[in-house]
Amino acid sequence: MASYDASYVKRPRRTKAQVEALRVAICELAEAAQPCSVRHVYYLGIGLLWDKDTGRSRRNYSVVVREVGHLRETGRLPWEWITDGTRMVRQETQYDSLDEAMQRNTESYRRNLWASQSRRVEVWCESDSVGGVLLPVTSAWGVGLYSCRGQSSKTFVYEAVQQYAHQGKGVTVVFCGDWDPTGRCVPRSVVERMERYGNGELDLEFRQIAITADDVRSGQLTTHDVNTRDVNFARYREECLREGIDPNTAVEVEALRPGLLRERLDETIGGLVDDVRQWNIEFRMESAERELLRELQGVVNKIVRGESATEDDQGE
């Protein structure tokens, strides 16, 4: 990685050489961590490229936002390396042709492998930006990824409970969130509401894989001051004291390396597959069914073009 002087002492405007060194280093950080959020880039560079912002200052974070934007717009940093889950479009899926519809559905076809398992598995995270980091893992495993966006709304939790009840099996929710007054309140409130909305009959397991008390106690992650005026601070303080943690410090989930976060999630989800034999059978069936869809697409294309199907096609 290119060297860069990270002194926080007020200094004159960076030279062109310094700016270029900073941009090269940012590209290297993003490439190693991708996909990641801008905030992850900021945390990864603390102590290497810049100091941690203190108090209400966002000076260094603003530099990261500006430079990442510049690097993406000039083509030096691929857009897909940085996640942004804030742009959500509500529109029915449309296609230019039947062929395109079949092609896209063939490519995206997934068999519900979890139907053969004893529990439903979901991944919940505290923010959209973290969701973008986790998506490659949840997509590979075929599990739902839900962003709480801070505190989960009553509707969000109620609809989840109704869906669980309809499926009639236990649920394991894997959660990734901050270790701060609000972040620690999310698991408590979600579990309490789920039990209440499910009339105490819901088989729920709630696992938080980040940020954990062990993460905070390790002393290896960047911390920040806690907002003691937060309405959840009193309960947060009690929990921290029980865990042997200074209640005046907090850790954001972005302080954990994106690669490590994905590794934890991948390992956790893999461990929840309790019938490996049936999972493998269903996986092979998924591949065979996808191939069948490809063959069907060829037959339909001939029909659309007005061509007669061959005897082999008819046999298929």
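Keep in mind that what you see is a predicted model, and the values were worked out from it rather than measured. (Residues numbered from 1 in each chain as written. Predicted model: local features only at pLDDT ≥ 70, side-chain atom pairs only at ≥ 80, totals over all residues. Heavy atoms only, no water.)

1. Looking at the overall build of the chain
No. 1: A tally of helices and strands in the chain yields 12 helices and 6 strands.
No. 2: When contacts within the chain are restricted to residue pairs at least 6 apart in sequence, those whose partners lie at least 24 apart make up 74%.
No. 3: When the accessible area of the chain is evaluated, it comes to approximately 18000 Å², of which 48% is carbon and sulfur surface.
No. 4: Once the 43 positive and 51 negative side-chain charges of the chain are each reduced to a mean point, those two points are 8 Å apart. (Helix = DSSP H or I, 4+ residues; strand = E, 2+ residues; numbered from the N terminus. Contact = heavy atoms within 4.5 Å. Areas by Shrake-Rupley, 256 points an atom, 1.4 Å probe, with all protein chains shown as cover. Lys, Arg positive; Asp, Glu negative; His and termini not counted. Charge placed at Lys NZ, Arg CZ, Asp CG, Glu CD.)

2. Looking at the confidence of the model for the chain
No. 1: Across the chain, pLDDT averages 88, with 91% of residues at or above 70.
No. 2: Element-level pLDDT for the chain is lowest in helix 12 (residues 311-315), with a mean of 50, against a maximum mean of 97 in helix 10 (residues 258-271). (pLDDT = per-residue confidence, 0-100.)

3. Thoughts on the sheet that holds strand 3 (residues 170-176)
No. 1: As summarised here, the arrangement of the 4 strands in space is 2-1-3-4, forming an open sheet in which the pairing is parallel. Edge positions in the open sheet fall to strand 2 (144-147) and strand 4 (204-210), since each of these has one partner strand only. Taking the axes of each pair of neighbouring strands and ignoring which way they run, one obtains an average angle of 25° across the sheet.
No. 2: Where strand 1 (residues 119-125) lies against strand 2, 4 bridges are found, and the strand directions are parallel. Bridge assignment links Glu-122 to a residue of strand 2, and that residue is Gly-144.
No. 3: Set on the sheet, helix 6 (residues 154-167) makes contact with strand 1, strand 2 and strand 3; between it and strand 1 the angle comes to about 165°. (Pairing = 2+ DSSP bridges. Axes fitted to C-alpha atoms, helices over the stretch in contact; angles between N-to-C directions.)

4. Things to note about the packing of aromatic side chains
No. 1: This model, assessed by the stated rule, comprises 8 aromatic pairs.
No. 2: Summarising the aromatic geometry, the rings of Tyr-42 and Tyr-43 are spaced 5.3 Å apart at their centres and angled 70° between planes, so their arrangement reads as edge-to-face.
No. 3: Exposure remark for Tyr-42: the relative accessible area of 4% places this residue in the buried category.
No. 4: Pairing Trp-124 with Tyr-146 gives two aromatic rings, centres 6.2 Å apart and planes at 50°, and the pair type is tilted. In this pair, Trp-124 sits in strand 1 while Tyr-146 sits in strand 2, placing the two residues 22 residues apart along the sequence.
No. 5: The exposure class of Trp-124 is buried, given its relative accessible area of 0%.
No. 6: For Tyr-146, a relative accessible area of 25% gives the class partly exposed. (Phe/Tyr/Trp six-rings, centres within 6.5 Å; stacked < 30°, edge-to-face > 60°. Buried < 20%, exposed > 50% of the residue type's maximum accessible area, 1.4 Å probe, protein only.)

5. So, the nonpolar core
No. 1: Core analysis: the biggest nonpolar cluster contains 58 residues, and Ile-26, Trp-114, Ile-211 and Leu-261 have the highest contact counts within it.
No. 2: Broken down by element, this core gets its largest block of residues, 7 residues, from helix 1 (residues 16-33).
No. 3: Among all residues touching Ile-211, those that are not within four sequence positions of it are Gly-177, Trp-179, Val-216, Leu-221, Val-251, Glu-252, Val-253 and Leu-256.
No. 4: Val-171, Val-186, Leu-202 and Leu-204 belong to the second-largest nonpolar core, a separate cluster that totals 15 residues. (Core = buried A, V, L, I, M, F, W, Y, C linked by side-chain atoms within 4.5 Å.)

6. Side note on unusual backbone geometry
Of all residues except glycine, most have a negative phi; of all peptide bonds, most are trans.
No. 1: A cis amide bond links Gln-34 with the next residue in sequence, Pro-35, at an omega value of 0°.
No. 2: Turning to its location among the elements, Pro-35 is positioned in the loop between helix 1 and helix 2 (38-45).
No. 3: Look at the link from Ala-210 to Ile-211: it is a cis peptide, with omega at -15°.
No. 4: The topology assignment puts Ile-211 in the loop between strand 4 and helix 8 (213-218).
No. 5: Positive phi, close to 55°, is recorded for Asn-199, a residue that is not glycine.
No. 6: Its location among the elements puts Asn-199 in the loop between helix 7 (181-197) and strand 4.

7. Some remarks on the environment of Thr-182
No. 1: Along the chain, the position of Thr-182 falls in helix 7.
No. 2: With a relative accessible area of 25%, Thr-182 lands in the partly exposed category.
No. 3: Thr-182 sits 87 residues away from Tyr-95 along the chain, and the two C-alpha atoms are 42 Å apart.
No. 4: Excluding anything up to four places from it in sequence, Thr-182 contacts Glu-126, Asp-230 and Asn-232.

8. Side note on the pairing of strand 4
Remark: a regular strand shows side chains that alternate across the two faces of the sheet.
No. 1: Two strands pair when backbone bridges link them, and strand 3 and strand 4 are joined in this way by 6 bridges, in the parallel orientation. Among the inter-strand pairings, Val-173 is bridged to a residue of strand 4, identified as Phe-206.

9. What to know about the packing of helix 4 (residues 98-108) against helix 11 (residues 276-304)
No. 1: Following both chains from N to C, one finds helix 4 and helix 11 inclined at 175°, their axes separated by 9 Å at the closest point. As far as their axial angle goes, helix 11 and helix 4 are roughly antiparallel. Here helix 4 contributes Leu-98, Asp-99, Met-102, Gln-103, Thr-106 and Glu-107 to the contact with helix 11, which in turn contributes Arg-290, Leu-293, Arg-294, Leu-296, Gln-297, Val-300, Asn-301 and Val-304.
No. 2: Its residues assigned to classes, the contact of helix 4 with helix 11 comprises 6 nonpolar, 4 polar and 4 charged. (Parallel < 35°, antiparallel > 145°, perpendicular 65-115°, else oblique. Nonpolar A, V, L, I, M, F, W, Y, C, P; charged D, E, K, R; others polar.)

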